[in-house]
Amino acid sequence: MNVQTTEPTLRTAWKMLIWLLIAQVMVSFVGRSLAPLTILLGKDLSLSHTQIGLLPAALFLGQSFSAIPSGLLVDRLGSKKQLFGTVVLLGISFILISFTTHFVLLLLVVVVGGGAYAAIHPTTNRGILYWFPQHSRGTAMGIKQMGITAGSAMAALLLLPLAKEIGWRPALFVSCIVLLILGALVSYYYQDAAESAILKPAPLNKSTFRKDLRTIMSNRQVLLLSISAMGLQGAQLCLTTYIILFAFEKLEMTLVLAGLLLVLAEVGGSIGRVAWGTISDRFFAGNRMIVMFIVTVLTGISALVCALLLPATPLLAILITVFIFGFSISGYNGVWMTIIVELVEKENSGLATGVTVTISSWGVLIIPPLFGYIVDTSGSFSNGWLFVAALMAVIVLLLIQTNKKV
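Starting from 1, residues in each chain are numbered consecutively following that chain's sequence as written. Selection of residues for local features in this predicted model requires a pLDDT of at least 70, selection of side-chain atom pairs for listing and counting requires 80 or more, and totals for whole chains, interfaces and linings are taken over all residues. To get the side-chain values, take all heavy atoms of the structure and skip hydrogens and water.

## Digging into the overall build of the protein
So, step 1. Check the secondary structure of the protein and you find 16 helices and 0 strands.
So, step 2. In this description the radius of gyration comes from C-alpha coordinates, and the expected globular size is given by 2.2 Å times residues to the power 0.38. In terms of overall size, the protein behaves like a compact globule, its C-alpha atoms giving a radius of gyration of 20 Å where 406 residues would be expected to give roughly 22 Å.
So, step 3. Overall, the C-alpha framework of the protein stretches about 60 × 45 × 40 Å when taken along its three principal axes.
So, step 4. Across the 406 residues of the protein, 61% fall into the buried class.
So, step 5. By definition, residues are in contact when any of their heavy atoms lie within 4.5 Å. Considering only contacts within the protein whose residues lie at least 6 apart along the sequence, 86% involve residues at least 24 apart. Put simply, DSSP marks the helices as runs of H or I at least four residues long and the strands as runs of E at least two long, and each gets a number from the N terminus on. Between buried and exposed lies partly exposed: a residue is buried under 20% and exposed over 50% of the maximum accessible area for its type, with that area taken using a 1.4 Å probe on protein chains only.

## With respect to unusual backbone geometry
So, step 1. At Ser 46, a position not held by glycine, the phi torsion is positive, near 55 degrees.
So, step 2. Here Ser 46 shows up in the loop between α2 (34-45) and α3 (49-77).
So, step 3. The backbone of Glu 252 sits at a positive phi, close to 60 degrees, despite the residue not being glycine.
So, step 4. Its location among the elements puts Glu 252 in the loop between α10 (220-250) and α11 (255-282).

## Side note on the side chain of Lys 144
So, step 1. Structurally, Lys 144 can be placed in helix α6 (residues 134-166).
So, step 2. Looking at Lys 144, the relative accessible area reads 0%, which means it is buried.
So, step 3. Each polar contact in these results corresponds to two N or O atoms within 3.5 Å; when the atoms are within protein, one needs to be able to donate a hydrogen and the other to accept it, and residues that are neighboring in sequence are counted only if both atoms are side-chain atoms. At 2.7 Å, the side chain of Lys 144 and the side chain of Asn 125 are in polar contact.

## Points about helix α4 (residues 79-97)
So, step 1. For a helix, the expected span equals 1.5 Å multiplied by the residue count minus one. Helix length check: α4 (19 residues) gives 27 Å between terminal C-alpha atoms against 27 Å at 1.5 Å per residue, within 8%.
So, step 2. Within the sequence span of α4, burial applies to Ser 79, Lys 80, Gln 82, Leu 83, Thr 86, Val 87, Leu 90, Gly 91, Ser 93, Phe 94, Ile 95 and Ile 97.
So, step 3. Looking at the buried positions of α4, the neighbouring elements they touch are α1 (10-31), α2, α3, α5 (103-131) and α7 (168-189).

## Things to note about the nonpolar core
So, step 1. For the purposes of this section, nonpolar cores are sets of buried Ala, Val, Leu, Ile, Met, Phe, Trp, Tyr and Cys residues that join through side-chain atoms within 4.5 Å. Ranked by size, the top nonpolar core spans 127 residues in total, and within it Phe 94, Ile 97, Met 292 and Trp 385 carry the most contacts.
So, step 2. If you tally residues by element for this core, the top one is α10, at 14 residues.
So, step 3. Setting aside its immediate chain neighbours within four residues, Met 292 contacts Leu 225, Leu 232, Tyr 332, Val 335, Trp 336, Ile 339 and Leu 399.

## Regarding α10
Since the α-helix advances by 3.6 residues per turn, residues separated by three or four positions end up pointing in the same direction.
So, step 1. Counted at 1.5 Å a residue, the expected span for α10 with its 31 residues is 45 Å, and the 42 Å between its end C-alpha atoms agrees.
So, step 2. Along α10, the helix axis deviates most sharply at Tyr 242, where the bend reaches about 50 degrees.
So, step 3. Across the 31 residues of α10, 24 count as buried, placing the element largely inside the fold.
So, step 4. Where α10 begins, the side chain of Asn 219 points an oxygen toward the backbone nitrogen of Gln 221, at a separation of 3.1 Å. For a residue, the bend is simply the angle between two axes, fitted respectively to the seven-residue segment ending there and the seven-residue segment starting there.

Written out as structure tokens, the structure is:
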């Protein structure tokens with residue numbers, strides 16, 4: 001059966017959350033594997049910093065193309081069916097990446113993989129929305145979103161050392177096979193909540209789609225928060241894409257130690273995704289915009305500190321900075337997603353997620369390549385981090401405007 005026929009209980013909800021978390025971890029393990037493999041991939045294909053920045057841009061270009069369609073689809077199919085399709089498409093596309101030798105072709109296949117990667121967000125968000133009540137939804141969403149940074153940390157911790165031993169191509173291929181196996185298990189055992197079948201939207205047609213899309217796009221809070229997420233998403237990918245190169249080239253660390261900085265940033269993000277959601281539930285009575293302000297300010301401060309780091313900087317100071325950076329900029333996503341789905345009707349939660357992911361993806365299309373271009377032209381990573389800090393100041397102003405209506 002595709003739908004859980006009994007009333008959702010807390011025990012069942014947490015069991016379903018475990019399956020959603022496993023799916024999120026594995027999809028992120030593969031989908032975000034390019035970041036830790038960047039230095040080896042870049043050396044293999046002789047890429048510049050700007051070209052390296054185009055890799056996450058290509059991933060999120062695919063995400064921007066598929067976010068709304070996948071959101072519409074999950075509102076009608078349910079999370080269970082879409083989980084399977086998402087895993088299969090992502091696994092196959094990244095297997096193709098492992099065989100690609102030309103940069104342009106690589107970008108095209110990454111775009112396809114990004115489309116599959118995007119589909120996991122509305123799929124798992126919808127599951128959280130229907131399984132958990134409002135008072136515990138922020139915590140559940142944070143745990144689920146933790147799977148993104150946990151998967152990325154696993155990729156840095158496992159794939160980079162493996163790639164050094166056997167090459168980045170075989171390492172990526174193996175990770176895809178693991179994804180397909182575990183994804184099949186998740187798709188089999190996960191069940192949709194009964195309410196998700198009862199509240200399914202009307203059959204899709206052009207007039208219904210246009211009406212629902214107009215409703216979401218005319219929601220000022222959704223629009224402003226999505227624009228803010230453009231900057232936050234771009235800053236997040238600057239950290240995960242360039243932290244290894246920054247540590248290796250600027251801070252003169254070994255490749256292994258530089259890779260561990262990415263792990264530390266993602267561990268910080270994983271902790272942040274649970275912590276920020278719990279904080280918004282328990283300390284701010286569901287007022288999650290306060291958390292968005294705190295995250296943005298911490299990110300700006302962390303970027304400023306990174307701009308000042310030198311090879312002689314004590315390792316402990318570098319570790320603390322990177323952890324806080326990851327805790328803030330990689331930890332906010334659950335709160336952001338929770339605000340979005342709470343601003344719309346439940347039956348349109350998938351479409352709303354698709355809209356916000358589409359808008360926010362443009363930040364990743366523009367900001368990481370721009371960061372790389374700044375580093376290439378100025379010859380300094382410090383200027384790149386100063387750019388991120390300035391961007392956070394702009395996001396604070398946008399959040400002030402958003403909060404006037406929240």
